[in-house]
Each structure stands twice: as structure tokens, then as C-alpha cells.
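Fold and geometry: a report
Each chain is listed here by its residues.
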Amino acid sequence: MVSWSLLINGYRSHGHARGALELFSRIQLSGVSPDTITYSSILSACSHAGLVEEGQSVFNSMVEDGVSPRTEHYAYQLESGKMPIQLGLSWKEDYSEKSLVLV
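About the criteria used
Residues numbered from 1 in each chain as written. Predicted model: local features only at pLDDT ≥ 70, side-chain atom pairs only at ≥ 80, totals over all residues. Heavy atoms only, no water. Helix = DSSP H or I, 4+ residues; strand = E, 2+ residues; numbered from the N terminus. Buried < 20%, exposed > 50% of the residue type's maximum accessible area, 1.4 Å probe, protein only. Contact = heavy atoms within 4.5 Å. Areas by Shrake-Rupley, 256 points an atom, 1.4 Å probe, with all protein chains shown as cover. Salt bridge = Lys/Arg side-chain N within 4 Å of Asp/Glu carboxyl O. Core = buried A, V, L, I, M, F, W, Y, C linked by side-chain atoms within 4.5 Å. Arc of directions from axis to C-beta.

Looking only at helices and strands, the protein has five helices and two strands in total. Taking all 103 residues of the protein together, the buried fraction comes to 36%. In the protein, once contacts between residues fewer than 6 apart in sequence are set aside, the share between residues at least 24 apart is 46%. Here the protein displays about 6200 Å² of accessible surface, and carbon together with sulfur accounts for 52% of that area.

As C-alpha cells, then:
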């Protein structure tokens, strides 16, 4: 799985999110189960390229495959414009820090 993640990261690093998504699809079709690192890589690619719907689809498939989302997975979704409530999260505003705190 490390090799797949590295390839996806290479695509992401060079701004080729669509190539990363294509590779991710090939991984899934081959029967290999992506791990949390692979999901982080592809969600990062989607987030940085503004591919909101694609990122949401990847996030949903991660949950459906039984992979528990970590903080970074939610962070990539938030970066791409999703609100915490859309991700099933609750939050409170921390006015002293001018930020959202997930609870």
C-alpha cells in the first residue's frame, strides 16, 4: 500500500489531482483496500484542487469500507468547504482564538 500512497502523493504534489483520483480508482478496482494514509493522500489532493464532490465521494467510500476517519480526514473536508454539521460533527466557536473547536 505504501507504493500506491507514494504515487498518489506524487500526483498531488504536482497538482495532478485527477491523476491521483484515477490511480485511486485503479487501487479500488484491483481489490486492494486503501489504508488511512492512502485516504489522507487522496483527500488532500481533492482538497487542494477544489474537487469538493470527489473528496466527499472518497470520504464516503472510506466510511463505507469501515475505515474510521481521523482528524486529518475531517480537516481535508473542512478545507474543501464542508461545514462541520455536513460531516456529522458538532462544534463550538472559540472566540478567544477565533476558531472552531470540534467536540
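Attention now goes to the pattern of salt bridges. Using the criterion set out here, one finds two salt bridges in the structure. Between E54 and R18 there is a salt bridge, with its nearest N and O atoms 2.9 Å apart. With E54 in helix α4 (residues 52-64) and R18 in helix α2 (residues 17-29), this pair connects stretches of sequence that are 36 residues apart. Among the residues examined, E54 registers a relative accessible area of 25% and is labelled partly exposed.

Moving on to the environment of S5. Mapped onto the fold, S5 is located in helix α1 (residues 2-13). Overall, S5 belongs to the buried group, its relative accessible area being 6%. Residues S5 and F24 lie 19 residues apart in sequence; the distance between their C-alpha atoms is 9.0 Å. Contacts of S5, omitting those with residues within four sequence positions, involve D35, I37, T38 and S41.

The next thing to look at is the nonpolar core. Counting 19 residues, the largest nonpolar core has I8, L21, F24, Y39, I42 and V58 as its most contacted members. When contributions to this core are tallied by element, the ones reaching two or more residues are α2, α3 (36-49), α4 and α5 (71-79). Here this core takes six residues from α2, the largest share from any one element. Contact partners of F24, with chain neighbours within four places excluded, come to I8, P34, T38, Y39, I42, V58 and S61.

Inspection of α5 places H73, Y74, Y76 and Q77 among the buried residues, and these make up the whole buried set. One side of α5 holds all its buried residues, which, seen down the axis, span an arc of 155°.

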